[in-house]
Number of protein chains: 2
Amino acid sequence: MSETFAVVNCSQLVTLAGAHRPRTGGDLRQLAIIEDGAMLVRGDTIEAAGRRREIESLINNDCEVIDAGRRVVMPGFVDAHTHPVFAGIRANEFEQRASGATYREIAARGGGIRSTVRTTRNASLADLVKSGKRYAEWFLRSGTTTIEAKSGYGLTLEDELKILRAIKQLNEETPLHYVPTFLGAHDVPSEYRSRRQTYVSLVVNEMLPRVAQEQLAEYCDVFCEQDVFTNDESWEILSAARCHGLGLRVHADQLSLSGGAKLAAELNAATADHLEHTDVTGIAALKAAKVQPVLLPGSVYALGSNDYPAAREMIEAGLAVVLATDFNPGSSPTPSMPMILSLACTQMKMTPAEAIIAATINAAYSLARGDQIGSLEKGKRADFVIHEPSDYRELAYFFGIEHPWRVYASGKLVCQKPDR
Amino acid sequence: MSETFAVVNCSQLVTLAGAHRPRTGGDLRQLAIIEDGAMLVRGDTIEAAGRRREIESLINNDCEVIDAGRRVVMPGFVDAHTHPVFAGIRANEFEQRASGATYREIAARGGGIRSTVRTTRNASLADLVKSGKRYAEWFLRSGTTTIEAKSGYGLTLEDELKILRAIKQLNEETPLHYVPTFLGAHDVPSEYRSRRQTYVSLVVNEMLPRVAQEQLAEYCDVFCEQDVFTNDESWEILSAARCHGLGLRVHADQLSLSGGAKLAAELNAATADHLEHTDVTGIAALKAAKVQPVLLPGSVYALGSNDYPAAREMIEAGLAVVLATDFNPGSSPTPSMPMILSLACTQMKMTPAEAIIAATINAAYSLARGDQIGSLEKGKRADFVIHEPSDYRELAYFFGIEHPWRVYASGKLVCQKPDR
């Protein structure tokens, strides 16, 4: 029999129970908090979550009891948009931006994504796994237990496969859970600038079949933007990906209103991500097609912009909004979902409860895992965090610090901070 | 003989050596980094900082050697503007602001500072020390070793004394160093709204003499703003404070261009703080009077505003800019100087080097401690941090996480993170 343990004395057990709408989970408006809650875990699975008395009646003598010390207990964050495998960091470009250079100017002189592509191509699989482990630990320390992880800094068949294999290895060798996404269409690499269609064909005819054959990705993503991949090119790649059985995600309307949200709706994608410039018709299209918006305020902040996406309008329209870090070495160097909660509440006027729903259960649905993670309910995987505060709102309120006291993934303690 | 230890194998020893201008320290433009640097500490004092070989030649057999593992080593941050002693938190108001209420609306219904004043008056000295210790640990975890600490949530003689005594006790009982500031003129308390002058007289004639007599503060601060204390009232209080031998700091031009910067210049204050609305004449006045600007981007961010102070203009004017957290339960709930570095670089276009100078040596000068802390130089107090990254720019670049790996105050290890 698997090992069993109980967690008791939670000031708030933030269960997020009750989202049962397949695919979008958008019916959840409340956190479903149990005060003085408790939880029973067997092996890697939640056996029960409820009031302390209920749970205590299920405890027998063999059962280890963990005292949460009147702290908040919540599901681990589900980060549905990250770029966590790359070589080199871009602190030098960060310095240039602080000195006034724009992201586009830096890209024009060979920096930006292309700089990371050069260093990542030169890196071995082992190098990528090593740096990936550093970032995996950052995610866990911040209370995240599942991330969606994109390739996209290789842009050759072999280098994209190398990144996806690194993601697979990180999923096996770290306690963090990875959901892999193929993003061969992250940028048109330098050597194909004058023959874009050749690169699109390479993605469609060589990369996608190989990625699908080796089962290295669950999703395909495209950076749909006038300067990157046009709507027609994005359509071609994403349609091909669907034929290979991959789910679809789209980088949409980040730098301009280029129609990415509408494209995502027409293709019935799982998500449209970024959406800084999406207008009301785009929002209506997402709603009609049940596409989930993934909002990434970390990149708006880090680029020094003020063009936050219209989160309130999306929530009012009934969309099941998702929040994610967009962790990457250029535009969003943060692995911290609590920091994203802070940005969502202070800059996009989401309430702390809306932000937490967006960072857990809604994110789980966007990754087709609404039945496995994102809430504390019987039968779900025991991915949960004991946070230092006693009130969940503090996670979004006090910013710049790491809130988790203990982090559990698949029922195992994977990160602990010194006792306060 | 005191205990001696060496720190070796620092990828970058960020010394900030070389600022010798009394009072403002504004001549430092470089971080004075020693690559592969090392340091020798005797008791609570830095004995030497230099190249590895130099320092190794000074090491004898009794000397403990700490391997920094190719990490960055820097002075502890000096946070020159905080409100770290209060009871209750204001997560409920944070939620209201996220739902669209403004700071002024919340204040009008009895929230804001007045809400914290009510809870703080009801708290005992022991309560305040207990919650203060929680925040002290947050500062240390974030790499800060000295904070300026203001009273201002009591607003009666006894309650202001209680807060200043809590600060004194925290200074004695935690490894964090506190520099106390009397801020009895933080707000006009409710019971004096119709007789403001009576409250000003109370501050001048009862609070200040007692604070000075008991040596509970080094500085006096006033919230100078049309709706709070007028320029004339601020002048009266600050002039009296000077007569009692206190240094002066001023909350200036935060909500409007009310002339606080000019007042600070006329009074020859040590600092003018906030300055979100200060114009070029205000900057010129600060420069002429050698008043240091203390910029607090955390509160601009947390209030969802975009009115960041004109940091670049101040630096170009030759002012010795200081950055601080403004840690408080309302407008700036962050104890993290690295988060402030991130805000300074992304939102105010300071370079990482400028931001670090502002957060260490310039801040030390603003507290009349430029000869004791804020840099790694022979004879200074051994307050330093071994940060996880190998490049100092990462401290401002990766945001939302805690960078310190080991924190030392007065030569003692006071905070350590699990090995990565």
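Keep in mind it's a predicted model, so treat the numbers as computed, not measured.

Let us look at the environment of Tyr192(A). Residue and element names in this part refer to chain A. Locating Tyr192 in the fold gives a position in the loop between β7 (177–185) and α7 (196–213). Take Tyr192: its relative accessible area is 15%, and that puts it in the buried class. When residues no more than four places from it in sequence are discounted, the contact partners of Tyr192 are Thr198, Tyr199 and Leu202.

The subject of this paragraph is the relation of the copies chain A and chain B. Of the transformation placing chain A onto chain B, the axial shift is 0.0 Å and the rotation is 180°, giving an RMSD of 0.0 Å. In symmetry terms, the pair is related by a two-fold rotation axis. No C-alpha of chain A approaches the rotation axis more nearly than that of Gly400(A), which lies at 2.3 Å. When the interface residues of chain A are mapped onto chain B, 100% of them again fall at the interface, so both copies present the same face.

Taken together, the contact between chain A and chain B spans 54 residues of the former and 54 residues of the latter. Summing both partners gives a buried area of about 4800 Å² for chain A against chain B, and 60% of it is carried by carbon and sulfur. On the chain A side of the contact with chain B, Tyr301(A), Tyr397(A) and Phe399(A) bury the most area, a combined 18% of that side's loss. The salt bridge involving Glu95(A) is made with Arg393(B); its shortest N-O contact spans 2.7 Å. Counting every contact that joins chain A to chain B gives 25 residue pairs in polar contact (both at pLDDT 80 or more). Among the secondary structure elements, those contributing two or more residues to the side of chain A that touches chain B are α2 (91–98), α5 (125–141), α11 (297–302), α13 (337–347) and α16 (394–397) of chain A.

Let us now look at the packing of aromatic side chains. All names here are of chain B. Per the stated rule, a full pass over the model turns up 37 aromatic pairs over all chains. Ring centres 4.5 Å apart and planes at 5° place the aromatic pair Phe384 and Tyr408 in the stacked group. Highlighted residues: Phe384 in strand β13 (residues 384–387) and Tyr408 in strand β14 (residues 404–409), separated in sequence by 24 residues. Per residue, the accessibility class of Phe384 equals that of Tyr408, and both read buried. Ring geometry for Tyr397 against Phe398: centres 4.6 Å apart, planes inclined by 55°, an arrangement best described as tilted.

This part covers the side chain of Gln12(B). Residue and element names in this part refer to chain B. Counting through the fold element by element, Gln12 comes out in strand β1 (residues 4–14). On the accessibility criterion, Gln12 (11% relative accessible area) is buried. For Gln12, the contacting residues outside a window of four places in its chain are Ile33, Ile34, Arg71, Val72, Val73, Ser390, Asp391 and Tyr392.

So, about the state of the cysteines. The tally for this structure, following the rule as stated, stands at zero disulfides over all chains. Here Cys63(A) is not disulfide-linked; the sulfur of Cys10(A) is the nearest cysteine sulfur, at 13 Å.

Okay, the pattern of salt bridges next. Per the counting criterion, the structure on display carries 58 salt bridges over all chains. Salt-bridge contacts for Arg312(B) lead to Glu316(B); the nearest nitrogen and oxygen are separated by 3.1 Å. You can see Arg312(B) and its partner Glu316(B) sitting in helix α12 (residues 311–316), four residues apart, about one turn around the helix. Of the residues examined, Glu316(B) reaches a relative accessible area of 56% and is grouped as exposed. Ionic contacts of the salt-bridge type, sharing partners, join the residues Arg134(A), Glu137(A), Arg141(A), Glu402(A), Lys417(A), Glu388(B) and Glu394(B) into one network.

Residues and elements named next belong to chain B. Strand order in this open sheet of seven strands is β3-β2-β1-β4-β13-β14-β15, and the pairing throughout is mixed. Where the open sheet ends on each side, the last strands, each with one partner, are β3 (45–51) and β15 (412–416). Strand-to-strand twist across the sheet, computed as the mean angle between neighbouring axes with direction ignored, equals 35°. Where β14 lies against β15, four bridges are found, and the strand directions are antiparallel. What sits directly across from Tyr408, in β15, is Leu413.

Bridge count between strand β1 (residues 4–14) of chain A and strand β4 (residues 64–75) of chain A: seven bridges; the pairing is parallel. Bridging across to β4(A), Cys10(A) finds its partner in Arg71(A).

With that out of the way, let us pick up the domain arrangement of chain A. Residues and elements named next belong to chain A. Along its sequence, chain A is organised into domain 1 (4–75 + 374–416) and domain 2 (77–366). In this structure, domain 1 and domain 2 have C-alpha centres spaced 29 Å apart. Contacts between the two partners involve 37 residues from domain 1, matched on the other side by 34 residues from domain 2. Carbon and sulfur atoms make up 64% of the area that domain 1 and domain 2 hide from each other, which totals about 2700 Å². Linking domain 1 with domain 2 are one salt bridge. A salt bridge links Glu402 to Arg141; the nearest nitrogen and oxygen atoms lie 2.7 Å apart. Applying the counting rule to domain 1 against domain 2 returns five residue pairs in polar contact (both at pLDDT 80 or more). Put simply, the parts of the chain that give the side of domain 1 that touches domain 2 at least two residues each are β4, β13 (384–387), α16, β14 (404–409) and β15 (412–416).

The rules behind these values
- Residues numbered from 1 in each chain as written.
- Chains lettered and ligands numbered in written order.
- Predicted model: local features only at pLDDT ≥ 70, side-chain atom pairs only at ≥ 80, totals over all residues.
- Heavy atoms only, no water.
- Helix = DSSP H or I, 4+ residues; strand = E, 2+ residues; numbered from the N terminus.
- Buried < 20%, exposed > 50% of the residue type's maximum accessible area, 1.4 Å probe, protein only.
- Contact = heavy atoms within 4.5 Å.
- Least-squares fit on C-alpha atoms with pLDDT ≥ 70 in both.
- Buried area = accessible area lost by both parts, 1.4 Å probe.
- Salt bridge = Lys/Arg side-chain N within 4 Å of Asp/Glu carboxyl O.
- Polar contact = N/O pair within 3.5 Å; in protein donor to acceptor, adjacent residues only side chain to side chain.
- Phe/Tyr/Trp six-rings, centres within 6.5 Å; stacked < 30°, edge-to-face > 60°.
- Disulfide = S-S within 2.5 Å.
- Pairing = 2+ DSSP bridges.
- Axes fitted to C-alpha atoms, helices over the stretch in contact; angles between N-to-C directions.
- Domains from an automatic or database assignment.

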